[in-house]
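Structural overview
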Amino acid sequence: MLKRVRAVVEAGPNYIFHLMAVARNGFDSDYADKYRDSVNPADILVLEEQRRELSFRDGGSGNLTYLLIFFPAYLNLDTRASLEEYFALLNSGLESGDCSGFYARYEDAFDRQREWTHSVGPEWLLRTHREYNDAIRRLGEVYTANFTSYMTRVWPVESKDMQAVASQLNPYLEDVDLIGRWERFLGIEFKVHPYEIVLCSAIKNGPSANSLGYERNVFYSGDDMDYIKKFISHEVGTHILFPVLRDLPSERDPSLAYKAFESLARFYNSLALGTKDLYSMGTYYDADRFFSIYEDIHRTCPGMSPKEMMLEGMARYRQM
């Protein structure tokens, strides 16, 4: 059975990143200027106060990023009622000391995340977020209060352009069989599909290709189409490769491990796509240096496993 990759346009994730954009949460663009008056000024101040806890970039994130950005975006909470329910259950659980009701409501979605970084349960939710109860309550009020304005003033305009991008992208994704190509290449199974590329216009100048979960990833819809196609393949690769990163021995430098992992995916992507004409990844990743290391390892030891490649790549990087 062909495992699909498809581009989707959804109001829920776009609304959440719209709030982050308007509050200039780590990135700035003309989108923030265009739509700043769609969010209540007092609510913008609340979002700005929590910038640190809602941050996300280069594999790092704030303490509230997963539960208030990525997981609700993963769920596609696309009505005011669904947002109200999410925060009512979450706030009730944190206040009472029992998050089992919140967990049970979204248990299926949490279970799908077991293939990803977050293996969560009611105890984890309470232990890691109870101290932020007041901030979560206030942010929940912001999320619900500004949704109608977004759906009335912003979504009809922004969704039209994103739908055009999806219509251009999906025929390519139908034909290319990215998951099958990576599975055959790596010998690792992708366990949850279809893999969805959630297009988002609000994250202009911000972090793009953010993983919402194992099989959902948010991309800036305004990027160059050639870049989007190549980087979708990269992200498919990182998600299939993720068990390699998760199962590595304890690393004394997690930042180095993350850079080595992303750069390994970039190197493998050159083989999967059959080209070295790829994409830059920013100075943080030192991707060209890693590429030359992995290229040399692969040339001399073509049968080396991804885990062995990554460990050897980090060892050589430290020595350079």
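Refer to the preceding data block for the structure.
These notes cover the structure that comes with them.

Side-chain direction in a regular strand flips from residue to residue, so the side chains alternate between the two faces of the sheet. Within strand E4 (residues 195–200), 6 of the 6 residues are buried, which leaves it mostly tucked inside the rest of the structure. The side-chain alternation of E4 yields two buried faces, one formed by Tyr195, Ile197 and Leu199 and the other by Glu196, Val198 and Cys200. As judged from the 4 bridges shared by strand E1 (residues 5–8) and E4, these two strands associate in the parallel manner. Note that in E4 the partner of Val5 across the bridge is Tyr195. In the sheet, E4 pairs with strand E6 (residues 216–220) via 5 bridges, with the strands oriented parallel. Directly across from Leu199, in E6, lies its bridge partner Phe219.

To continue, consider the environment of Met1. Looking at the secondary structure, you find Met1 in the segment before E1. Classification of Met1 by relative accessible area gives exposed; the value is 85%. For the pair Met1 and Gly180, spaced 179 residues apart in the sequence, the C-alpha separation amounts to 9.5 Å.

Moving on, we get to the sheet that holds E1. Pairing within the open sheet is mixed, and its 4 strands lie in the order E1-E4-E6-E5. Bordering the open sheet on either side are E1 and strand E5 (210–213), each of which pairs with just one other strand. Each adjacent strand pair in this sheet contributes to an overall mean axis angle of 30 degrees, direction not counted. Strand direction decides the pairing type here: E5 and E6, joined by 3 bridges, are antiparallel. Opposite Ser211, over in E6, you have Asn217 as the bridge partner. Contacting E1, E4, E5 and E6, helix H12 (residues 225–246) runs over the sheet at an angle of about 155 degrees to E6.

This paragraph deals with the pattern of salt bridges. For the structure on display, the rule yields 29 salt bridges. Put simply, Arg216 and Glu10 hold a salt bridge, and the shortest N to O gap is 2.6 Å. Placement of the pair is Arg216 in strand E6 and Glu10 in the loop between E1 and helix H1 (11–22), with a sequence separation of 206 residues. By the burial criterion, Arg216 is buried, and Glu10 matches it. One salt bridge in this structure joins Arg184 and Asp177, with 3.5 Å as the shortest N-O distance. Accessibility expressed as a relative area gives 63% for Arg184, which makes it exposed. By relative accessible area, which is 18% here, Asp177 ends up buried. Linked by salt bridges that have partners in common, Arg6, Glu10, Glu196 and Arg216 make up one network.

Position of Val157 among the secondary structure elements: in helix H10 (residues 147–176). Relative accessible area serves as the criterion here: at 42%, Val157 is assigned to the partly exposed category.

Let us now look at H12. Each α-helix winds once per 3.6 residues, and so residues spaced three or four apart point in a common direction. Spanning 22 residues, H12 covers 31 Å between terminal C-alpha atoms, matching the ideal 32 Å at 1.5 Å per step. At Ile240, H12 is bent by approximately 45 degrees, the largest bend along its length, and proline Pro243 sits one to four residues beyond.

Parameters at a glance
Along each chain, the written sequence defines residue order, and numbers are assigned to residues from 1. Owing to the predicted nature of the model, reporting of local features is limited to residues with pLDDT of at least 70; listing and counting of side-chain atom pairs is limited to 80 or more, with chain, interface and lining totals taken over all residues. To obtain the side-chain values, all non-hydrogen atoms of the structure were included, while hydrogens and water were left out. Think of it in three bands: with a 1.4 Å probe and only protein chains considered, a residue is buried below 20% of the maximum accessible area for its type, exposed above 50%, and partly exposed in between. Runs of E in the DSSP output that reach at least two residues are strands. Runs of H or I that reach at least four are helices, and both are numbered from the N terminus. When DSSP finds two or more bridges between a pair of strands, those strands are recorded as paired. Every angle, taken between N-to-C directions, lies between 0 and 180 degrees, and every axis is a line fitted to C-alpha atoms, over only the stretch in contact when it is a helix. When checking whether two residues touch, look at their non-hydrogen atoms; a contact exists if any pair is within 4.5 Å. By convention in these notes, a salt bridge is any Lys or Arg side-chain nitrogen within 4 Å of a carboxyl oxygen on Asp or Glu. Expected helix span is computed as 1.5 Å times (number of residues minus one). Fitting axes to the seven residues that end at a residue and to the seven that start at it, the angle between those axes gives the bend at that residue.

Bear in mind that shape data such as this cannot, by itself, settle questions of function.
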